[in-house]
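Here is what each chain is made of, one letter per residue.
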Amino acid sequence: MVKGRQGERVRSKSNQYPNTSLIQIEGVNTKEEVGWYCGKRMAYIYKAKVKKNGSHYRCIWGKVTRPHGNSGIVRTKFKSNLPPRSMGDKVRVFMYPSNI
């Protein structure tokens, strides 16, 4: 598992696309290194006030879709949109599905 940091949403001058987030993965600094992470799963884990299924922790799953720019940032689509308080928070990058 690798850590990543949630940046901002993909946006243009007048539109914002809340279902696509920009993530900086630790140790990934070029567009070529991003290729290995395409298709990998991500998890944003947060703590909620109300217990559900015996736990206060909840998870929103996502998938790395493509690179964003040349500096190693990736675009990720999550199952449901990430909440605004997730800006700058950590996400977990899992090493599956593997294509080795």
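Everything in this summary refers to the structure shown in the same document.

Reading the values: the criteria
- Residues numbered from 1 in each chain as written.
- Predicted model: local features only at pLDDT ≥ 70, side-chain atom pairs only at ≥ 80, totals over all residues.
- Heavy atoms only, no water.
- Core = buried A, V, L, I, M, F, W, Y, C linked by side-chain atoms within 4.5 Å.
- Buried < 20%, exposed > 50% of the residue type's maximum accessible area, 1.4 Å probe, protein only.
- Helix = DSSP H or I, 4+ residues; strand = E, 2+ residues; numbered from the N terminus.
- Contact = heavy atoms within 4.5 Å.
- Pairing = 2+ DSSP bridges.
- Axes fitted to C-alpha atoms, helices over the stretch in contact; angles between N-to-C directions.
- Phe/Tyr/Trp six-rings, centres within 6.5 Å; stacked < 30°, edge-to-face > 60°.
- Lys NZ or Arg CZ within 6 Å of the ring centre and 35° of its normal.

## A look at the nonpolar core
Link 1 in the chain: Ile 23, Ile 25, Met 42, Tyr 44, Val 74 and Phe 78 are the most contacted members of the largest nonpolar core, which has 16 residues in total.
Link 2 in the chain: Of all the elements in the fold, those that place two or more residues in this core are β2 (16-25), β3 (41-52), β4 (55-68), β5 (73-78) and β6 (90-93).
Link 3 in the chain: Ranked by residues supplied to this core, first place goes to β3 with 3 residues.
Link 4 in the chain: When sequence neighbours within four positions are dropped, the list of residues in contact with Tyr 44 reads Arg 58, Cys 59, Ile 60, Phe 78, Leu 82, Pro 83, Arg 85, Ser 86, Asp 89, Lys 90 and Val 91.

## Some points on the pairing of β6
Link 1 in the chain: A one-sided burial pattern is seen for β6, the buried positions being Val 91 and Val 93 and the unburied ones Lys 90 and Arg 92.
Link 2 in the chain: Bridge count for strand β1 (residues 2-11) against β6 is 4 bridges, and the pairing is antiparallel. By the bridge assignment, Val 2 is partnered in β6 with Val 93.
Link 3 in the chain: For β3 and β6, the ladder comprises 2 bridges, and the chain directions are antiparallel. Looking across to β6, one finds that Met 42 is bridged to Val 93.

## Thoughts on the pairing of β1
Link 1 in the chain: Summarising the sheet, β1 and β2 pair through 6 bridges and their orientation is antiparallel. Residue pairing across strands places Arg 11 opposite Gln 16, the latter belonging to β2.
Link 2 in the chain: If you look at the hairpin formed by β1 and β2, you'll find 4 residues sitting between the two strands.

## Quick word on the sheet that holds β1
Link 1 in the chain: Reading around the barrel, the 6 strands line up as β1-β2-β5-β4-β3-β6 and close back on themselves, with antiparallel pairing between neighbours. The mean inter-strand angle of the sheet, taken between neighbouring strand axes irrespective of direction, is 45 degrees.

## Re the packing of aromatic side chains
Link 1 in the chain: Inspection of the entire model under this criterion finds 4 aromatic pairs.
Link 2 in the chain: Both rings, one in Trp 36 and one in Tyr 37, keep their centres 5.3 Å apart while their planes meet at 85 degrees; by these two values the pair is edge-to-face.
Link 3 in the chain: On the numbers, 5.4 Å between centres and 40 degrees between planes, the contact of Trp 61 with Phe 94 is tilted. Here the residue Trp 61 occupies a position in strand β4, and Phe 94 occupies one in the segment after β6, the gap between them amounting to 33 residues.
Link 4 in the chain: The exposure class of Phe 94 is buried, given its relative accessible area of 18%.
Link 5 in the chain: Among the aromatic residues, those joined into a cluster by ring pairs are Trp 61, Phe 94 and Tyr 96.
Link 6 in the chain: In this structure, Lys 40 packs its charged tip against the face of Trp 36, placed 4.3 Å from the ring centre.

## Examining unusual backbone geometry
Link 1 in the chain: At the junction of Tyr 96 and Pro 97, the peptide bond is cis and its omega measures out at 0 degrees in the coordinates.
Link 2 in the chain: Mapped onto the secondary structure, Pro 97 falls in the segment after β6.

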